[in-house]
Amino acid sequence: MENSIQKEKLRIKKYLELENVSVLTGAGTSFHLGAPVIRSIPDGLKNKCEKDIETYFGKGKNPSFEDLFNCLQADRFIKEKKGEDVKDINTSIANMQQWLFKNCNTEKTTINEHYTDDEKLERNRYHYHEAFLKKLLQRPNNLKRVNLFTTNYDMAFDYALDNLGVHYINGFMGVHNRCFRPEVYDYDLYYPGQSVTGKVHRAEKVLKYFKIHGSLSWVNTEPPISNTYGIKEIPLNDKFTPDENNEIMIYPCASKKSFTLDLPYSELFRQFSQAINQPQSVLFCVGYSFYDEHINDIIHQALSIPSFTLIIINYSPTIAPDSPIEELKKLEDSRIIILDQEDLEQTSFVGFVKNVLPDLYEEEEQIQITETMQKLYTEEHKKETTVTGFEGSKPIEGESKED
């Protein structure tokens, strides 16, 4: 087991040093914090949604949270075009968003029962998110910035980035009135050097951050002159609660594949496609189960590029033979690397950060130490051979053991 993990660690290190590195994280990276996985509608919300479930899917059905949310949005869109009343739909959408806002705020969630004995999480619930980010930021400064994409709308990575003092470019501009400005993704950070030649130096702690399914902190507003797209980023505090007049922007609206053309989603998906379609690119998928078709389409397209590599780190205690990841495995493509999904120590987010994701500085030191010891041993071995005239049990030419 230890050899297997060490082997994966060295392989991951090699890919982290490529020119174009992108990371896509999913629900698995927030599981240990107690954030809910909402592939189905949670029991605490189902009673409020019962009427809507029956309307769109039939009595006794159990649709996913996202499917119901999309149906409500699509129905509202059609009724608004017809000039019909949408008050009930707005109330249903607000109920779903309020549940998410309350249960997905990682500042208030309860640590998952499997991790309650973890002292590091007890001291700092974002310990593993911070360790993950620090290791990504150890890449040489002459390489392109790491692109961090996430389907999560919780704020775990946001808080971790703030705790580390990392400047992240997330598509928003402003201080007191933060508005979505997609041109920000083309910016970078430099600071003036000490010399009189006017040279500048590239800031080290910078990362590009894309929340491609929206965020608990993004609010849809009427577009004023200063905010063309009407998308505003707010601080999460007890003063804000989603309602009919303050809808948070989560999920890419109804019928994902066709409605993702609207901002900000169209820009976020364009950035995702552009990032992984660069030459010599690698995409690390961490805690992402490949159940989002619009994202999968972009990844499948990137696989048409010979130099693209896809590395999948996703823990699953039970594996369905027809799961999307298993379907990728059946391709038997050497560019698709899938770590052992049933090994908690390798592919859970906590296990991956602790055991597999390399500390680039530490790894370099270990390599140097190993090389030094090998050289020392070789030199000592040569000296012993010269003095004794033996190399192991083999006599040197012209002598015998009896001599």
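Scroll up to find the structure.
Nothing here was measured: the structure is a model prediction, and the numbers come from that model. (Residues numbered from 1 in each chain as written. Predicted model: local features only at pLDDT ≥ 70, side-chain atom pairs only at ≥ 80, totals over all residues. Heavy atoms only, no water.)

Peer 1: Lay out the overall build of the chain in plain terms, naming residues and giving numbers.
Peer 2: When helices and strands are tallied, the chain shows 14 helices and 16 strands. Within the chain, the proportion of its 403 residues that are buried is 48%. For the chain, the share of sequence-separated contacts (at least 6 apart) that also reach a separation of at least 24 residues comes to 71%. Accessible surface for the chain amounts to roughly 21,800 Å². Of this, 49% is attributable to carbon and sulfur atoms. (Helix = DSSP H or I, 4+ residues; strand = E, 2+ residues; numbered from the N terminus. Buried < 20%, exposed > 50% of the residue type's maximum accessible area, 1.4 Å probe, protein only. Contact = heavy atoms within 4.5 Å. Areas by Shrake-Rupley, 256 points an atom, 1.4 Å probe, with all protein chains shown as cover.)

Peer 1: Which residues make up the packing of helix α9 (residues 265-276) against helix α10 (residues 293-302), and what are the values?
Peer 2: Relative to each other, α9 and α10 sit at 25 degrees, their axes nearing to 9 Å. Relative to α10, the element α9 lies roughly parallel. Read as a crossing pair, α9 and α10 show a hand that is right-handed. In this structure, α9 contributes Phe269, Phe272, Ser273 and Ile276 to the contact, and α10 contributes His294, Ile295, Ile298, Ile299 and Ala302. A per-class count over the contact of α9 with α10 returns 7 nonpolar, 2 polar and no charged. (Axes fitted to C-alpha atoms, helices over the stretch in contact; angles between N-to-C directions. Parallel < 35°, antiparallel > 145°, perpendicular 65-115°, else oblique. Left-handed = near helix turned anticlockwise from the far one by under 90°. Nonpolar A, V, L, I, M, F, W, Y, C, P; charged D, E, K, R; others polar.)

Peer 1: Which residues make up the pattern of salt bridges, and what values go with them?
Peer 2: A full pass over the atoms with the stated rule returns 12 salt bridges. Put simply, Asp188 and Arg202 hold a salt bridge, and the shortest N to O gap is 3.3 Å. One end of the pair, Asp188, is in the loop between β5 (178-180) and β6 (190-192); the other, Arg202, is in strand β7 (residues 200-202), and 14 residues separate them in sequence. The network of salt bridges with shared partners includes Arg145, Asp188 and Arg202. (Salt bridge = Lys/Arg side-chain N within 4 Å of Asp/Glu carboxyl O.)

Peer 1: I'd love a proper account of the pairing of strand β2 (residues 147-150), names of residues and values included.
Peer 2: As a general feature of sheets, a regular strand has side chains that alternate between the two faces. Burial along β2 is two-sided: Asn147 and Phe149 facing one way and Leu148 and Thr150 facing the other are all buried. Strand direction decides the pairing type here: strand β1 (residues 20-25) and β2, joined by 4 bridges, are parallel. When the sheet's bridge partners are listed, Leu24 is paired in β2 with Phe149. Pairing between β2 and strand β8 (residues 206-211): 4 bridges, direction parallel. What sits directly across from Leu148, in β8, is Tyr209. (Pairing = 2+ DSSP bridges.)

Peer 1: Can you break down the side chain of Arg145 residue by residue, with the values?
Peer 2: Within the secondary structure, Arg145 is located in the loop between α6 (127-136) and β2. Accessibility expressed as a relative area gives 9% for Arg145, which makes it buried. Here the side chain of Arg145 touches Asp188 through a polar contact of 2.9 Å, side chain to side chain. Non-local contacts of Arg145, meaning those with residues more than four positions away in its chain, are made with Val21, Asp188, Leu189, Arg202, Ala203, Glu204, Val206 and Lys208. (Polar contact = N/O pair within 3.5 Å; in protein donor to acceptor, adjacent residues only side chain to side chain.)

Peer 1: Quick rundown of the nonpolar core? Include the residues and the values.
Peer 2: Of all hydrophobic cores here, the largest spans 43 residues; its most connected members are Phe132, Phe284 and Ile311. Listed by contribution, the elements that provide at least two residues to this core are α1 (2-16), β1, α6, α7 (156-164), β8, β12 (281-286), β13 (309-313) and α13 (349-356). Take this core: its biggest share by element is 6 residues, from α7. Core analysis: the next-biggest nonpolar cluster, separate from the first, contains 36 residues, Phe149, Ile212, Ile299 and Ala302 among them. (Core = buried A, V, L, I, M, F, W, Y, C linked by side-chain atoms within 4.5 Å.)

Peer 1: Lay out the sheet that holds strand β9 (residues 214-220) in plain terms, naming residues and giving numbers.
Peer 2: Hydrogen bonds between backbone atoms are what pair the strands of a sheet, whose relative direction is either parallel or antiparallel. Strand order in the open sheet made by the 5 strands is β4-β5-β10-β9-β11, with antiparallel pairing throughout. With partners counted over all chains shown, the strands left at the sheet margins are β4 (172-173) and β11 (247-250), one partner each. Here 3 bridges tie β9 to strand β10 (residues 231-233), and the two strands are oriented antiparallel to one another. Pairing of Trp218 across the sheet is with Glu233, part of β10.

Peer 1: Which residues make up α7, and what values go with them?
Peer 2: Counted residue by residue, α7 has 7 buried out of 9 residues, so it is predominantly covered. Considered for burial, the residues of α7 that qualify are Ala156, Phe157, Asp158, Tyr159, Ala160, Leu161 and Leu164. If you follow the buried residues of α7, they end up packed against β1, α6, β2, β3 (167-169), β8 and α13. Gly165 sits one or two residues past α7 and shows a positive phi near 70 degrees.

Peer 1: How would you explain the sheet that holds β8 if you had to name every residue and give the values?
Peer 2: Strand order in this open sheet of 7 strands is β3-β8-β2-β1-β12-β13-β14, and the pairing throughout is parallel. Both edges of this open sheet fall to β3 and β14 (336-338), since each of them pairs with a single strand only. Taken pair by pair, the neighbouring strands of this sheet meet at an average axis angle of 20 degrees, ignoring direction. As defined by bridge partners, β12 adjoins β13 across 5 bridges and the pair is classed as parallel. Note on β13: the bridge partner recorded for Cys285 is Ile312. α7 rests against β1, β2, β3 and β8 of the sheet, and its axis sits at about 165 degrees to β8.

Peer 1: Tell me about α6, and name the residues and values.
Peer 2: Taken across its 10 residues, α6 has 8 buried, putting it largely inside the fold. All of the buried residues in α6 are Tyr128, His129, Glu130, Ala131, Phe132, Leu133, Lys135 and Leu136.

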